[in-house]
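Given next are the chains, with one letter for each unit.
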Amino acid sequence: MGIRFVLMVNKQGQTRLAQYYEYLNLEERRTLEGEIVRKCLARTEQQCSFVEHRNYKVVYRRYASLFFLVGVDNEENELAILEFIHLLVETMDRHFGNVCELDIMFHLEKAHFMLEEMVMNGCIVETSKSNILSPIQLMDKAS
């Protein structure tokens, strides 16, 4: 499958966006998020951006006040996922203009829509920023 979940978390550990590509009930999600967020936020900038947790490999990156965490299968390429995170941030930057935590909070549906345009059923299906953003721009024009 590849990608199992994508989380966007602030520096205090509060989840701002969560998208899962496998079924976990609410209690399992809450527990998993808490464990992974504590583990990733406790690491220093000198440590690598890959962590193994349970049966996941977690790849994370910090941009400004947000941490982007992606849980993947153990066979997945970590550097490719780091590139995916960077693409996601660049796409959000292009739309919001230097994306920040408030953009995610106030435009959660757009952030989810961008993610859904990029990832389908745990597989990356779109990497073109203009293709990802064109439906959102059309919706903005219509409203």
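Residues numbered from 1 in each chain as written. Predicted model: local features only at pLDDT ≥ 70, side-chain atom pairs only at ≥ 80, totals over all residues. Heavy atoms only, no water.

### Some points on helix H5 (residues 129–142)
Okay, so step 1: Between the first and last C-alpha of H5 there are 20 Å, a value that for 14 residues agrees with the 20 Å anticipated at 1.5 Å per step.
Okay, so step 2: Roughly 25° is the biggest bend found in H5, and it falls at Pro135.
Okay, so step 3: Within H5 the residues assigned to the buried category are Ile132, Leu133 and Ile136.
Okay, so step 4: Residues of H5 that are buried make contact with helix H2 (78–96) and helix H4 (108–118). (Helix = DSSP H or I, 4+ residues; strand = E, 2+ residues; numbered from the N terminus. Expected span 1.5 Å × (residues − 1). Bend = angle between axes of the 7 residues up to and from the residue. Buried < 20%, exposed > 50% of the residue type's maximum accessible area, 1.4 Å probe, protein only. Contact = heavy atoms within 4.5 Å.)

### Thoughts on a nonpolar patch on the surface
Okay, so step 1: On the surface, a cluster of nonpolar side chains totalling about 320 Å² of accessible area is made up of Leu102, Met105 and Phe106.
Okay, so step 2: With respect to the helices, strands and loops of the structure, Leu102 is situated in helix H3 (residues 101–106).
Okay, so step 3: Residue Leu102 is classed as partly exposed on the basis of its relative accessible area, which comes to 48%. (Patch = residues over 30% accessible without salt bridge, like charges linked within 9 Å, V, L, I, M, F, W, Y side chains within 5 Å. Areas by Shrake-Rupley, 256 points an atom, 1.4 Å probe, with all protein chains shown as cover. Salt bridge = Lys/Arg side-chain N within 4 Å of Asp/Glu carboxyl O.)

### Regarding the packing of H2 against H5
A packed helix pair is summarised by two numbers, namely the angle formed by the two axes and the spacing between the axes.
Okay, so step 1: Put simply, H2 and H5 touch, their axes get as near as 10 Å, and they point 35° apart. The hand of the H2/H5 crossing is right-handed. Where H2 abuts H5, its residues Leu87, Glu90, Thr91, Arg94 and His95 lie against Lys129, Ser130, Ile132, Leu133, Ile136 and Asp140. (Axes fitted to C-alpha atoms, helices over the stretch in contact; angles between N-to-C directions. Left-handed = near helix turned anticlockwise from the far one by under 90°.)

### Some thoughts on the pairing of strand E2 (residues 15–20)
Okay, so step 1: Where strand E1 (residues 3–10) meets E2, five bridges bridge the pair, whose relative direction is antiparallel. The residue bridging Val9 from the neighbouring strand is Thr15, located in E2.
Okay, so step 2: The antiparallel pairing of E1 with E2 creates a hairpin that spans four residues between the two strands, and Gly13 there sits at a positive phi of about 90°. (Pairing = 2+ DSSP bridges.)

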